[in-house]
Amino acid sequence: MTVRLDGGQVVADAYPTAATNLRCRESGTEYELEARYVCDVSFGPLEVAYDTDEIAARVSRERIAEGPQNIWRYRDFLPCAPEDPTVGLPTGLTPLVYAPRLAYELGLGEVWVKNDTANPTHSFKDRVVSVAIQKAKELGFETVACASTGNLANSVAAHAAARGLESYVFVPADLEPQKIIATGVYGTNLMAVDGNYDDVNRLCMQIADERDWAFVNVNLRPYYSEGSKTLAYEVAEQLGWELPDRCVVPIASGSLYTKLHRGFRDLIETGLVETEVPTLDGAQAEGCGPVAEAFAHGRDFVAPVRPQTIAKSLAIGNPADGAYALDTASATGGSITAVTDEEIVRGIELLARTTGIFTETAGGVTTAVLTKLAERGEIDASERVVIYITGDGLKTLDAVADQVRPNAIDPTLESFESFAATAV
Ligand SMILES: *Cc1c(COP(=O)(O)O)cnc(C)c1O
């Protein structure tokens, strides 16, 4: 073990990464691997660049199979990792669940559910936070922070606790109570902001300029977003190093959706798989669907909206990677579709009743979009489809509370029998 404690903080040596620089997506300007997210020249977003020959020389199916039982098994593709992979909260290797009853109900051939509710804080955010917190440690930060629609706050508070970092998490004050409680319990500084997510994000950008803090989705965003690629690698490995034909993926800022695309391309470019990139379909709520709206009108830019939906974890009105999400849809032959709050609730119920998996509203969006694509006849019966379920239903109980009606009886056999006689 190379883990040490220093003043209560967990310190671990860094794994040697193949990342070389930060690079601007617009101007190509390069920067050191520091806490920076925007280009001084073009104001475009920065991304991690790698020595791809080095990655190709290192990776193999065998090396991955022998790796740790968490996301660090894919560390050769990541911008940072601890030398000792047991450091922190183990994240990833969540189940890929075969869903024949869901497929049957929708008239589809082969459907799988990537159940990312099985992460330490019950959402996919643990993947991006693991990577960002590791980078924060490597850069010597003592305080981590985030602007969050809920799940990110949950995850930052927990991972900071595990590694002994101070944390500040900023959320809209009207968040689901389950998410507020499940965040505050970790001993974080929980800031409930009187505003929506876009207000919270603007505030955090201002604070990031003033304080020497690692904001996981602001100044560490280039590293943070790389964690999403593990959802591509994992599904490929779980399918025996084959790729699905199609994936349905929720979109908030568009980071997960665009990085899945990157992750699938990494696998092809390094020869780990031989097939083509899957068709990637994006899923949004109608009450906050700026990317779906741009897609429907064939625009190459995203016009901000004011969110009004029960899918609060996806309620980003001004998505940072919205335009790149449109590129991913067109490059993979996919679509971006929005669904109503009512369809979201029916999506949650459909998934629960056919697979036994209870998702939060974001997964209701994804399942409802799958339903819509199936009804429109856009999915061929020969296709292998994966839907990404990114958060747990226990986090948004209010969304389905009205749907559940227990049958009240007395504690007597007669009472039960008279209920059973009237039940169909
Ligand atoms: C954050 C989040 C997403 C996707 O977010 P992006 O900003 O698009 O990467 C999807 N589902 C849930 C439950 C989330 O919390």
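Refer to the structure presented above.
Let me begin by describing the structure that accompanies this report. (Residues numbered from 1 in each chain as written. Predicted model: local features only at pLDDT ≥ 70, side-chain atom pairs only at ≥ 80, totals over all residues. Heavy atoms only, no water.)

On to the pairing of strand β10 (residues 189-193), then. Pairing of strand β9 (residues 166-172) with β10, which is carried by five bridges, proceeds in the parallel orientation. When the sheet's bridge partners are listed, V169 is paired in β10 with L190. Considered for its hand, the β-α-β crossover made up of β9, helix α6 (residues 177-184) and β10 is right-handed. (Pairing = 2+ DSSP bridges. Helix = DSSP H or I, 4+ residues; strand = E, 2+ residues; numbered from the N terminus. Right-handed = clockwise from strand over helix to strand, strands pointing away.)

Before going further, it helps to spend a moment on the packing of aromatic side chains. Taken as a whole, this structure holds seven aromatic pairs when the rule is applied. Centre to centre, the rings of F416 and F419 are 6.3 Å apart; their planes meet at 40°, and the pair counts as tilted. Residue F416 and its partner F419 are both found in helix α16 (residues 413-422); the two are separated by three residues, about one turn of the helix. Of the residues examined, F419 reaches a relative accessible area of 28% and is grouped as partly exposed. Three or more aromatic residues link up through ring pairs in this structure, and these residues are Y168, F170, W213 and F215. Lying across the ring of Y324, R25 places its NZ or CZ 3.7 Å from the centre. The ring of F301 carries the charged tip of R299 above its face, separated from the ring centre by 5.1 Å. (Phe/Tyr/Trp six-rings, centres within 6.5 Å; stacked < 30°, edge-to-face > 60°. Buried < 20%, exposed > 50% of the residue type's maximum accessible area, 1.4 Å probe, protein only. Lys NZ or Arg CZ within 6 Å of the ring centre and 35° of its normal.)

In spatial order, the strands read β6-β7-β15-β12-β13-β14; together these six strands make up an open sheet with mixed pairing. Looking along the sheet, the strands with just one partner apiece sit at the ends: β6 (96-98) and β14 (336-339). The sheet shows a mean angle of 25° between the axes of neighbouring strands, taken without regard to direction. Along the sheet face, helix α13 (residues 341-355) touches β7 (110-115), β13 (279-285), β14 and β15 (384-389) and points at about 100° away from the line of β14. (Axes fitted to C-alpha atoms, helices over the stretch in contact; angles between N-to-C directions. Contact = heavy atoms within 4.5 Å.)

Along the chain, the position of K395 falls in the loop between β15 and α15 (398-401). No salt bridge is formed by the buried K395; the nearest opposite charge belongs to E360, separated by 5.6 Å. Within polar-contact distance, the side chain of K395 engages the side chain of N151 at 2.9 Å. Of note is the side chain of K395, whose polar atom sits 2.6 Å from the side chain of N154. Beyond its immediate chain neighbours, meaning those up to four positions away, K395 contacts T121, H122, S123, N151, N154, E176, Q178, K179 and E360. (Lys, Arg positive; Asp, Glu negative; His and termini not counted. Salt bridge = Lys/Arg side-chain N within 4 Å of Asp/Glu carboxyl O. Polar contact = N/O pair within 3.5 Å; in protein donor to acceptor, adjacent residues only side chain to side chain.)

This part covers a nonpolar patch on the surface. On the surface, a nonpolar cluster with roughly 250 Å² of combined accessible area is contributed by F358, L394 and L397. Residue position: L394 is located in the loop between β15 and α15. (Patch = residues over 30% accessible without salt bridge, like charges linked within 9 Å, V, L, I, M, F, W, Y side chains within 5 Å. Areas by Shrake-Rupley, 256 points an atom, 1.4 Å probe, with all protein chains shown as cover.)

As a further point, take the nonpolar core. By size, the foremost hydrophobic cluster in this structure holds 75 residues, and its most contacted members are F264, L267 and Y388. It is helix α4 (residues 125-138) that provides the largest number of residues to this core, a total of six residues. Those residues in contact with Y388, other than ones at most four positions away along the chain, are K114, L231, A232, V235, C247, V248, V249, P250, L260, F264 and T366. (Core = buried A, V, L, I, M, F, W, Y, C linked by side-chain atoms within 4.5 Å.)

Right, let's talk about the pairing of strand β5 (residues 46-50) for a bit. Across the five residues of β5, four count as buried, placing the element largely inside the fold. Sheet analysis places strand β3 (residues 19-24) next to β5, joined by five bridges and oriented antiparallel. Each residue of the ladder has a partner; that of R23, found in β5, is E47.

With that settled, the discussion passes to the environment of G263. With respect to the helices and strands, the residue G263 is situated in helix α10 (residues 255-269). Measuring from C-alpha to C-alpha, the distance between G263 and S228 comes to 8.1 Å, with 35 residues separating the pair along the chain. Not counting the four nearest positions on each side in its chain, G263 is found in contact with K229, A232 and Y233.

Let us now look at the pattern of salt bridges. Throughout the structure, instances matching the rule amount to 30 salt bridges. With its nearest N and O atoms 3.7 Å apart, the salt bridge here joins R4 to D13. Look at R4 and you get partly exposed, because its relative accessible area is 42%. Between R58 and D76 there is a salt bridge, with the nearest N and O atoms lying 2.9 Å from each other. With R58 in helix α1 (residues 52-58) and D76 in the loop between α2 (61-65) and β6, this residue pair connects regions lying 18 residues apart in the sequence. For the pair formed by R58 and D76, the shared burial category is buried. Salt bridges sharing common partners tie together R25, E47, E226, K229, K259, R262, D266 and E269.

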